[in-house]
Amino acid sequence: MYNHHHTSNMQLKRLFTILFLATVSAATVNAQEIASVDTIKVIENARNITISYTDSATVLTVDSPTTGNSFDRYTYTVSRLNDSKKPERLQSSDDMMFKLSFLNRNEPKTSARKIKRYFTGLRYIYWGWNFNYNYKSGIKNSYEFGCADLIGVDWLTSKYTTLGVGLGFGYNRVTTTNKALFCMDGDRLSTIAAPADADVDFARWDTWRIQLPLMFKQRLYKDFAIGVAAIVNFNVYSSATNRYHVEHTRITNMITGIKQRLLTADAMLTIGLSDAIGIYGKWSPFTTMQPSNGPAFRNFSIGVTINF
C-alpha cells in the first residue's frame, strides 16, 4: 500500500514537470512568432522550487538564500491568452521576473549598510596665501603649506560620503613690513625699525605644527565634491630670523624661545575634484600668540589643495 502511494506521488511529480516544460516550450514558440528574444536567468543556490497552475497561468517560484536569515524570492509567470488578447510584443525579462527580499521576522526590518574602512596617506596637501588682520604690529601677509593628512583612516559611510581622521604637518611663515626686524622685548616677540643704514634682506617668523584633522567629504556630482575639515594644531616649534646688510657686512640673527600657543585650531573648506585638486579657504579663529607674548593677529588663507 505504501509503495503504491509513493509510486503515485513520483508519477504526479514527473507529470507536473513534463506539463510545465511543455507549457514553457509552447510559450517560447509563441513568443518567437512575435519577437526574437532570448532570456536567461541564473539563480544561485535555488531552494523551495514551487510550480503552481491555474486556468490562465503557470507560476514558478524559487527562493535563493542571501546573508543572515534572509532570502530573495523570484517568480516567473507564463500566461495563457486567447487569440483576442494576443499581446503586441513579448514582455521583457524585467516584466516577467521580479525579485523580492524577505527577512526573518526576528530580524530588524532594515539592515545597516556596511561601512568600509581604509587607510589613507598624502592627502590634503595644500599651499596658500595668508591674509593677516587685527593687531598686525608690523606684520604683513605671507604663505603656508603642509600635508594635513600625511597618514590617516577613512570611513566610507555611503557611496558619496566619507569621514576621516588623520595626522599631518603644517608650516606657516610670517614676514615684517619693509625696513622692520623681529626682536625680543623681554619675553615678548616684537618688531622694530631696522637701522637707517641697513639694507634688509628679510625678517621672517616660521612656525612648524603637527596637525590632527577631522575630515568630511561629500560628492555632489560625479567627481565634484566638497570637503570640510576641523584641524587641531600642535605648534611644536617657532623661530624668527633676520638678515640684513650694513655697508659691506651681512648680519644674520636667529631668535628662539618664542612662546607661541601650543594648541590652536583651523576650519577648512575645500571645493573641487575629489582625490584630485581643489581650492580651499581656511580660517584660524585663535591667535598664534597671547598678546603678552607677541603679535596677536588672526588670519585666513586661500590656496590650492591636492588629493583631498
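Above this text you will find the structure in question.
As the structure is a computational prediction, the values presented were derived from the model and not from experiment. (Residues numbered from 1 in each chain as written. Predicted model: local features only at pLDDT ≥ 70, side-chain atom pairs only at ≥ 80, totals over all residues. Heavy atoms only, no water.)

This brings us to unusual backbone geometry. Positive phi values are uncommon outside glycine, yet tyrosine 135 reaches one of about 55°. Among the structural elements, tyrosine 135 can be located in the loop between β5 (116-133) and β6 (139-140). Owing to a relative accessible area of 62%, tyrosine 135 belongs among the exposed residues under this scheme. Backbone geometry places glutamate 247, a non-glycine residue, at a positive phi of 55°. Residue glutamate 247 is classed as exposed on the basis of its relative accessible area, which comes to 70%. (Helix = DSSP H or I, 4+ residues; strand = E, 2+ residues; numbered from the N terminus. Buried < 20%, exposed > 50% of the residue type's maximum accessible area, 1.4 Å probe, protein only.)

Moving on to the environment of glycine 138. With respect to the secondary-structure elements, glycine 138 resides in the loop between β5 and β6. Glycine 138 sits in the partly exposed class, given a relative accessible area of 26%. With 53 residues separating them in the primary sequence, glycine 138 and threonine 191 have C-alpha atoms 6.4 Å apart. Not counting chain neighbours up to four residues away, the residues in contact with glycine 138 comprise Thr175, Thr176, Thr177 and Thr191. (Contact = heavy atoms within 4.5 Å.)

Here alanine 193 lies in strand β10 (residues 188-193). We classify alanine 193 as exposed; its relative accessible area is 61%. Once the C-alpha coordinates of alanine 193 and phenylalanine 182 are considered, the two residues, eleven residues apart in sequence, prove to be 8.8 Å apart. With residues up to four places along the chain from it excluded, the contact list for alanine 193 reads Lys179 and Ala180.

Under the criterion given, the structure shown has ten salt bridges. The salt bridge involving arginine 243 is made with aspartate 201; its shortest N-O contact spans 3.3 Å. One end of the pair, arginine 243, is in strand β12 (residues 224-246); the other, aspartate 201, is in strand β11 (residues 198-221), with 42 residues separating them in the sequence. A relative accessible area of 26% means that arginine 243 is categorised as partly exposed. Judged by its relative accessible area of 33%, aspartate 201 falls in the partly exposed class. A salt bridge links arginine 219 to aspartate 275, with the shortest nitrogen-to-oxygen separation between them at 3.4 Å. Residue arginine 219 is located in strand β11, and its partner aspartate 275 is located in the loop between β14 (263-273) and β15 (277-284); the two are separated by 56 residues in the primary sequence. Each member of the salt-bridge network shares a partner with another, and the members are Lys217, Arg219, Asp223 and Asp275. (Salt bridge = Lys/Arg side-chain N within 4 Å of Asp/Glu carboxyl O.)

Our focus in this paragraph is the pairing of strand β2 (residues 57-65). The side chains of a regular strand alternate between both faces of the sheet. As judged from the five bridges shared by strand β1 (residues 47-53) and β2, these two strands associate in the antiparallel manner. Its bridge partner lying in β2, isoleucine 51 is registered against leucine 60. The loop that links β1 with its antiparallel partner β2 comprises three residues. (Pairing = 2+ DSSP bridges.)

Turning our attention to the nonpolar core. Where a protein is soluble and globular, its nonpolar side chains tend to be buried together. In this structure, Phe182, Leu189, Trp205, Ala240 and Ile258 are the most contacted members of the largest nonpolar core, which totals 15 residues. When residues of this core are traced back to their parent elements, those giving at least two are β9 (180-185), β11 and β12. Ranked by the residues each element gives to this core, the list is headed by β11, at three residues. Other than its neighbours up to four places away in sequence, leucine 189 contacts Phe182, Cys183, Met184, Trp205, Ala240, Ile258, Met289, Asn293, Gly294 and Pro295. (Core = buried A, V, L, I, M, F, W, Y, C linked by side-chain atoms within 4.5 Å.)

Across all of its chains, the model carries eleven aromatic pairs by this definition. With a centroid separation of 6.4 Å and 45° between ring planes, the pair formed by tyrosine 143 and tyrosine 171 is classed as tilted. Remark: tyrosine 171 occurs in strand β8 (residues 161-176) and tyrosine 143 occurs in strand β7 (residues 142-156); sequence separation between them is 28 residues. Measuring from ring centre to ring centre gives 6.3 Å for phenylalanine 145 and tryptophan 208, while their planes differ by 85°; the resulting arrangement is edge-to-face. Residue phenylalanine 145 is located in strand β7, and its partner tryptophan 208 is located in strand β11; the two are separated by 63 residues in the primary sequence. In this structure phenylalanine 145 comes out as partly exposed when scored by relative accessible area, which is 29%. Classification of tryptophan 208 by relative accessible area gives partly exposed; the value is 36%. (Phe/Tyr/Trp six-rings, centres within 6.5 Å; stacked < 30°, edge-to-face > 60°.)

In this section: the environment of aspartate 266. For aspartate 266, the position within the fold is in strand β14. Placed 33 residues apart in sequence, aspartate 266 and asparagine 233 show a C-alpha to C-alpha distance of 7.6 Å. The residues touching aspartate 266, leaving out its near neighbours within four places in the chain, are Arg209, Gln211, Ala229, Ala230, Ile231, Asn233, Lys282, Trp283, Ser284 and Pro285. Here lysine 282 takes part through its side chain, which lies 3.5 Å from a polar atom of the side chain of aspartate 266. (Polar contact = N/O pair within 3.5 Å; in protein donor to acceptor, adjacent residues only side chain to side chain.)

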